Amino acid sequence: MTQKLTLSVTSRAQTGRSASRRLRKVKRIPAIIYGMHTNPEKLSIDVPEFVRLLKAVAGRAKIIELTREDKKDVALAFLQEVQRDPITDAYLHVDLQEVKADEKFEIRVPVVIAGEAYGVKTEGGVLEIATHQLRIRCLPKDLPDYISVDVTDLKVGETIKVGSLKPVAGVEFRDLPGQPVVSITEIEEEAATTPAPGAAAAAAAAGAAPAAGAAPAAGAAPAGDAKAAAPAAGAKAAAPAAKAAAPAKK
C-alpha cells in the first residue's frame, strides 16, 4: 500500500479575490476540494505545512489524508493542481481531488526511466521520452508513486508503447495501447546537415564576376544590375573609341 501523507486544512466561508488576498497575507493558501459524491468545499492551508508536504510528495503520485478540526472523518485526496504566481512564485490556489478508499479513480502518474539503454550505450543512439505522465485507474491502496519503464534492452529504432508496458498489480492503463512512451533514435550524420568547410565560399564564388579580360559567356546577361567592373589596379584605361573618319577633301 502506498504511504499516505497528512495535511491539515480549515474550512472557509469567505470567497473572492479580496478574501483570498487576506488569506495569503496571513500565510495561508486558498484551496478547494471536490469529488464525485460531494459538493465542492472551500478550504485554506497553512503555507509552511504545504511546503513540507510538497517536499514529501517530490513530484510523485501520493494519497493525502486531510484532517480538519470541525470534522472527525479523515478525507482522502490527491493534488490536482497547484497555482503559483509567475513573478513572485507565491502559492495562489490549490485544487484537491477527493477519492474513496473503496472506489477506483483516475490519476496521472509520472514516468521514470530505469536502466541504461543498449541502443545508447552500444549503438550511439539517443533516448527520447514521448510520454512523461501516464493516465491510470486504480484503488487508492494500489496507487503507485510512478510507472517505471526499463529500457535496458531497447535498441536503435525500437519503441516501448503503452500496450507493451510491464503490468502493475491493481493498475489499469487508460492511454491508448499504441501511444509511444520511450524510443531510441539514430543520430543523424553531421555532414548531412552541416555544409563542409569551404562550401559557403565555393557557393559565393559561383556567382562572382568573370576574371579580368575574360569574355562573358555567349548569351549571358550581366549579373543583376551591377555596374561594369573597374579596371584592375595599375592597368591603363582602355582608349576611347576612334572618332568617325572625316570626309575626304575634294
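Residues numbered from 1 in each chain as written. Predicted model: local features only at pLDDT ≥ 70, side-chain atom pairs only at ≥ 80, totals over all residues. Heavy atoms only, no water.

Trainee: Explanation requested: the sheet that holds strand β5 (residues 71-84) in the structure shown.
Mentor: Pairing is mixed in the closed barrel, where 6 strands are placed in the order β1-β3-β2-β6-β5-β4. Between one strand axis and the next, the sheet turns by 45° as a mean value, whatever way the strands run. The sheet strands contacting helix α1 (residues 17-25) are β2 (28-34), β3 (41-46) and β6 (91-99), and the helix crosses β2 at an angle near 125°. Lying on the sheet, helix α2 (residues 47-57) is in contact with β1 (5-11), β2, β3, β4 (64-68), β5 and β6; it crosses β1 at an angle near 150°. (Pairing = 2+ DSSP bridges. Helix = DSSP H or I, 4+ residues; strand = E, 2+ residues; numbered from the N terminus. Axes fitted to C-alpha atoms, helices over the stretch in contact; angles between N-to-C directions. Contact = heavy atoms within 4.5 Å.)

Trainee: Help me understand the side chain of D175, please; the structure alone is not making it clear to me.
Mentor: Note that D175 resides in the loop between β12 (172-173) and β13 (180-185). A polar side-chain atom of D175 sits 2.9 Å from the main-chain amide nitrogen of R135. (Polar contact = N/O pair within 3.5 Å; in protein donor to acceptor, adjacent residues only side chain to side chain.)

Trainee: Just to check I follow, could you spell out unusual backbone geometry for this structure?
Mentor: Residues other than glycine predominantly adopt negative phi, and peptide bonds predominantly adopt the trans conformation. With a phi close to 55°, A58 is a non-glycine residue in the positive phi region. Structurally, A58 can be placed in the loop between α2 and β4. Under the relative-accessibility criterion, A58 is labelled exposed at 51%. For D89, which is not glycine, the phi dihedral falls at a positive 70°. Following the sequence through the fold, D89 ends up in the loop between β5 and β6. Under the relative-accessibility criterion, D89 is labelled partly exposed at 45%. (Buried < 20%, exposed > 50% of the residue type's maximum accessible area, 1.4 Å probe, protein only.)

Trainee: Quick question: what am I supposed to make of the sheet that holds strand β11 (residues 159-161) here?
Mentor: Think of a sheet as strands paired side by side through backbone hydrogen bonds, with each pair either parallel or antiparallel. Overall, antiparallel pairing links the 3 strands, which are arranged β8-β13-β11 in an open sheet. Looking at which strands have only one partner, the edges of the open sheet turn out to be β8 (126-129) and β11. Neighbour-to-neighbour, the strand axes of the sheet open up by a mean angle of 10°, direction not taken into account.

Trainee: In this structure, what is going on with the environment of I187? I would like to understand it.
Mentor: In this fold, I187 is placed in the loop between β13 and α4 (190-193). Placed 64 residues apart in sequence, I187 and E123 show a C-alpha to C-alpha distance of 9.7 Å. Setting aside its immediate chain neighbours within four residues, I187 contacts G124 and V126.

Trainee: What am I meant to see in the pattern of salt bridges here?
Mentor: Side-chain pairing between opposite charges can occur once the charged atoms of the two side chains come close. All told, the structure shown has 10 salt bridges when counted by the stated rule. Ionic pairing is found between R135 and E106, a salt bridge with its closest N-O pair at 3.2 Å. Of this pair, R135 sits in strand β9 (residues 133-138) while E106 is found in strand β7 (residues 105-114), placing the two residues 29 residues apart along the sequence. For E106, a relative accessible area of 32% translates into the label partly exposed. Within the structure, one salt-bridge network assembled from shared partners comprises E106, R135, E172 and R174. (Salt bridge = Lys/Arg side-chain N within 4 Å of Asp/Glu carboxyl O.)

Trainee: Before we go on, may I ask you to explain the side chain of K62 in this structure?
Mentor: Among the structural elements, K62 can be located in the loop between α2 and β4. Of the residues examined, K62 reaches a relative accessible area of 7% and is grouped as buried. Within the structure, the side chain of K62 is placed 3.3 Å from the side chain of D145, a separation counted as a polar contact.

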